[in-house]
Amino acid sequence: MTVKEEKIDNIKSLGEKVVSADNDEPQIGVFVCHCGHNIAGTVDVAKVAEYASTLPNVVKAEHYMFMCSKPGVQLIKDSIEDLGVNRTVVASCSKNQHGRTFTNAIEEMGLNKHRHQQVNVREYCSWVHQKEKEKATDKALKLVEAGVNRARKLEDVETRKIPTTKAALVIGAGIAGLRSAHDLAELGIPVYLVERNSTIGGHMTQLNKTFPTLECPQCSISPLTNGVANHPLIELHTNAQIKNVEGSMGNFEVEIEIKPRYVKDNCTSCGECAAHCPVEVPSEWDSGMSMRNAIYKAYPQAIPATYVRDKKACIECNTCINICPVQAIDFSMQPETKTFKVGSIIVAAGYDEYDPTEIEPYHYGQEGYEDVITQLKLERMLSPTSLTNSQVLRPSDGKIPKSIVMIQCVGSRNDQVGNQYCTGVCCKFAIKNARIVKEMYPDSDVTICYIDVRTPGLNFEELYKSAQEVGVRFIRGRPSEILKDPVSEELRVIVEDTLSQTPLKLKADLVVLSAAMVPPEGIGPLGSKLHVLRSKEGFLKEFHIKMNPTLSSKGGIYLAGAIQGPKDISETVAHAGNAAALAAAPLVKGYIEKEMLIPTIDYDLCVKCGLCKTVCAPAAIDIGTDGSPIVNEIACKSCGMCMPACPTGAIQLLNFLDDQLLDEIIAVSGGGAVCE
Amino acid sequence: MSECEYIEPEVLDKIQNICVFMCNECGQGSANTAGVARMAYEPAIRIVRVQCTGQVGPIQIMDALNNGADAVACVGCCLGACHFFNGNILSMHRIKLMKKLFKELGYSDQFVNQYTSRAAEGETAVGDFEDIVERLANAIREEGTIKDGC
């Protein structure tokens, strides 16, 4: 590696062209590979080499049996040593296959690896035109000429070592954020964990049982919540939000705002304050299934255990201040901002349950339809700490429902709502809850109205089967409406059983809507602060759906869990672990290596229109104080999208300059201008 | 080629150079896969490597046509799978505008096209190439080559 150590501190030298100063005349060596019979069997390699030798600046043109073999590579090395070749063209296989072999060879001889041009005459020519040998040779000539033309103006590209800040930020302390933060801390990386709510644990703590094994989620997550809260390397900030993010991969500067709890850390969580608080509001953590006070702890096992005051609900009667045995309550606390430097950011902001009020025919949340609830509310009812004592009771009259109807795909797979995606977990948790309810009340009818039952994966089909066995009824059809019988005041679910094509009117004492997972509230502002792209559904967009579903659109910012798309807990944990590993890599190594294949801006031509900034997906172009764009070398991904956007051609990607591409295009297009 | 549509030899003779800009990721990948699978296509197809189809602007397209290319195409990743986030969509919009321009200038809008391909499937690249040739052959039959109109 020819990395210039002295350039390490030179990170901020923006706009400076990183090209070697030598203006030497290009001396091009062309090497045509036979690749056994793979190329030579179709293409007349001798003719290609002969033609190449007639091209300007070509000092050596040769053909050899196997260029990738040791003698082949030696040919290249000898030409560099003996003839002063400073740009090499190898016409052989694809860049992916042996490009590295040749760039390594010229690097060993002291040339920059970007001075090598690979011409693919095997995959793009000889292998696909085996029956047309003449035309294939003709094409190979053109391709080699294009390669030589392109090589002529190739410039050195520097590889720079950029030191990274050994610390990470994790946004969101749900299961994904906790997993990532813990994994990072175990690697010895200091972690700042920022959570919007007053407690950590997220949605998982709200659940009753986790599928498919019907385990207690609270018990599964508590080692992690305790581990994170007590880890010496994890700095936990609850009630905090991201205010500003600056910098790029390896070196971010993050500003957070911490809202006051109005309760100091010496709180012993004795609960005296809450017991005497006169204000009661629905508990958010309990999905509105119970009440909390204005000074409260979300749930008894909450971490941090400190109580928190809801300033909006508080009537400032000062009862809690007077009653607190350790004088921990202080209403004069102010919000504080904190700034820290981190190298990687993991976004684990999770999801929200879809609010079905939008779907008018289901009357969710409307007067007289209290018995239409969501799955999360049912989970809360079933949970061991619930107000109903783990019983399923109708919210309207507190009776045990005789018939329960669950409606699948509420808010997902629904074009009217605008969510085309399948959440993927609703079938699983609906089946799980249906089974639990049916086992609790064998006399009750439990029906699931589904479009398709989607239970892929190990153990899930078994869960589906077991629910069928205990007597859960499955009806294929999406209910059109939930009606209230005007006489009996009972709910009726209107659905067509599409398998038997019979319209049904199901009597329902309790209707449970399996609401979709949607992007969390406030993800828009957070995304714009982080400069990451979002998918059309609103989740944060991953770098590549198959090859890197954890990296966001911006280098150094990783996604963990449901923020990238709906996931169940197992998938979330795996995703979060991957995010931690990827985020840790540059921090453990201490530096990132970056090829400075970046655009340069000719400020004499620049008209300061800012178009390059609008097309730049990784947000690597900043607008300076005088309105002119500045390329952030570290954030740049070398895609070159800014080039055609520029109306004056002022911004040009190194080694992909307009005139370099023109040279290549002239050769492949047949050469010779048609219109003059 | 002949499986899809028969192209007369006199039309095929007029198709000499087709400049195809292929992105570094799925575009090049699919052409490599096609090569490995020995899927034959028209030798007039000439591939130029670019970082992303979003890098190909009107300058490059016009340069190619001006220098003797019979048609130009951009082959990028599938929509939503661009390795640089949305370069293929940018390119698609650009090619749409170029097509309008060509129509206004009185040329066929089939001289410039945008395609997508998948690195794992060589068929996608070969399908794109066949479509380029087919569309170009139709355009030549109807209106002649771009060189005739120049």
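In this text, all values refer to a predicted model and were calculated from it rather than measured experimentally.

**Quick word on the interface of chain A and chain B**
Interface size, as often reported, equals the accessible area lost upon joining of the parts.
Next up, step 1: Counting residues at the interface gives 44 residues for chain A and 42 residues for chain B.
Next up, step 2: Of all the secondary-structure elements, those providing two or more residues to the side of chain A that touches chain B are α4 (122–126), α5 (133–152), α16 (642–645) and α17 (658–668) of chain A.
Next up, step 3: For the side of chain A that touches chain B, the element with the most residues is α17(A), which contributes seven residues.

**A closer look at the sheet that holds strand β4 (residues 112–116) of chain B**
Residues and elements named next belong to chain B.
Next up, step 1: The parallel open sheet is built from four strands, whose spatial order is β2-β1-β3-β4. Both edges of this open sheet fall to β2 (45–50) and β4, since each of them pairs with a single strand only. Here the strands of the sheet are splayed against their neighbours by 25 degrees on average, with no regard to which way each runs.
Next up, step 2: Of the strands in this sheet, β1 (18–23), β2 and β3 (71–76) touch helix α2 (residues 26–36), which is tilted by about 115 degrees from β1.

**Some thoughts on the nonpolar core**
Next up, step 1: With 125 residues, the main nonpolar core has A:Ala168, A:Ile346, A:Val347 and A:Val511 as its most contacted residues.
Next up, step 2: Once residues within four sequence positions are removed from consideration, A:Val511 is found in contact with A:Asp371, A:Val372, A:Val405, A:Ile407, A:Ile482, A:Leu491 and A:Val493.

**A few points about the sheet that holds strand β24 (residues 502–508) of chain A**
Residues and elements named next belong to chain A.
Next up, step 1: Here three strands make up an open sheet; going across it, the order is β22-β23-β24 and the pairing antiparallel. Edge positions in the sheet fall to β22 (481–484) and β24, since each has one partner strand and no second. With strand direction ignored, the average angle separating the axes of adjacent strands in the sheet is 30 degrees.

**Some words on the environment of A:Val279**
Residue and element names in this part refer to chain A.
Next up, step 1: Tracing the sequence through the fold places Val279 in the loop between α8 (272–276) and β11 (280–282).
Next up, step 2: As for Val279 and Cys314, which are separated by 35 residues in sequence, their C-alpha atoms are 7.0 Å apart.
Next up, step 3: If we ignore the near neighbours within four places in the chain, the residues touching Val279 are Asn293, Ala294, Ala313, Cys314 and Ile315.

**A look at the confidence of the model for chain B**
Next up, step 1: Mean pLDDT for chain B: 88, with 95% of residues reaching 70 or above.
Next up, step 2: Prediction confidence for the complex, expressed as pTM and ipTM, is 0.77 and 0.94 respectively.

**Section: the packing of helix α11 (residues 426–440) of chain A against helix α12 (residues 460–470) of chain A**
Residue and element names in this part refer to chain A.
Next up, step 1: The contact between α11 and α12 brings their axes to 9 Å, and the two run at 35 degrees. In the crossing of α11 with α12, the sense of the turn from one axis to the other is left-handed. Contacts between α11 and α12 involve Lys428, Ile431, Lys432, Ala434, Arg435, Lys438 and Glu439 on the former and, on the latter, Phe460, Leu463, Tyr464, Ser466, Ala467 and Val470.
Next up, step 2: For the contact of α11 with α12, a count of residues per class yields seven nonpolar, one polar and five charged.

**Some details on helix α13 (residues 523–530) of chain A**
Residues and elements named next belong to chain A.
Next up, step 1: Buried within α13 we find Ile523, Leu526, Gly527 and Leu530. Buried positions in α13, seen along its axis, are confined to an arc of 100 degrees and lie on one side of it. Summarising the geometry of α13, the exposed residues directed more than 90 degrees from the buried face are Gly524, Pro525 and Ser528.
Next up, step 2: Contact partners of the buried residues in α13: β9 (240–248), β16 (344–347) and β29 (557–559).
Next up, step 3: Positive backbone phi, approximately 60 degrees, marks His531, located one or two places after α13.

Here is what the cut-offs are and how they apply
- Residues numbered from 1 in each chain as written.
- Chains lettered and ligands numbered in written order.
- Predicted model: local features only at pLDDT ≥ 70, side-chain atom pairs only at ≥ 80, totals over all residues.
- Contact = placed C-beta atoms within 7 Å.
- Helix = DSSP H or I, 4+ residues; strand = E, 2+ residues; numbered from the N terminus.
- Pairing = 2+ DSSP bridges.
- Axes fitted to C-alpha atoms, helices over the stretch in contact; angles between N-to-C directions.
- Core = buried A, V, L, I, M, F, W, Y, C linked by C-beta atoms within 7 Å.
- Buried ≥ 20, exposed ≤ 12 C-beta atoms within 10 Å, placed from the backbone.
- pLDDT = per-residue confidence, 0-100.
- Left-handed = near helix turned anticlockwise from the far one by under 90°.
- Nonpolar A, V, L, I, M, F, W, Y, C, P; charged D, E, K, R; others polar.
- Arc of directions from axis to C-beta.

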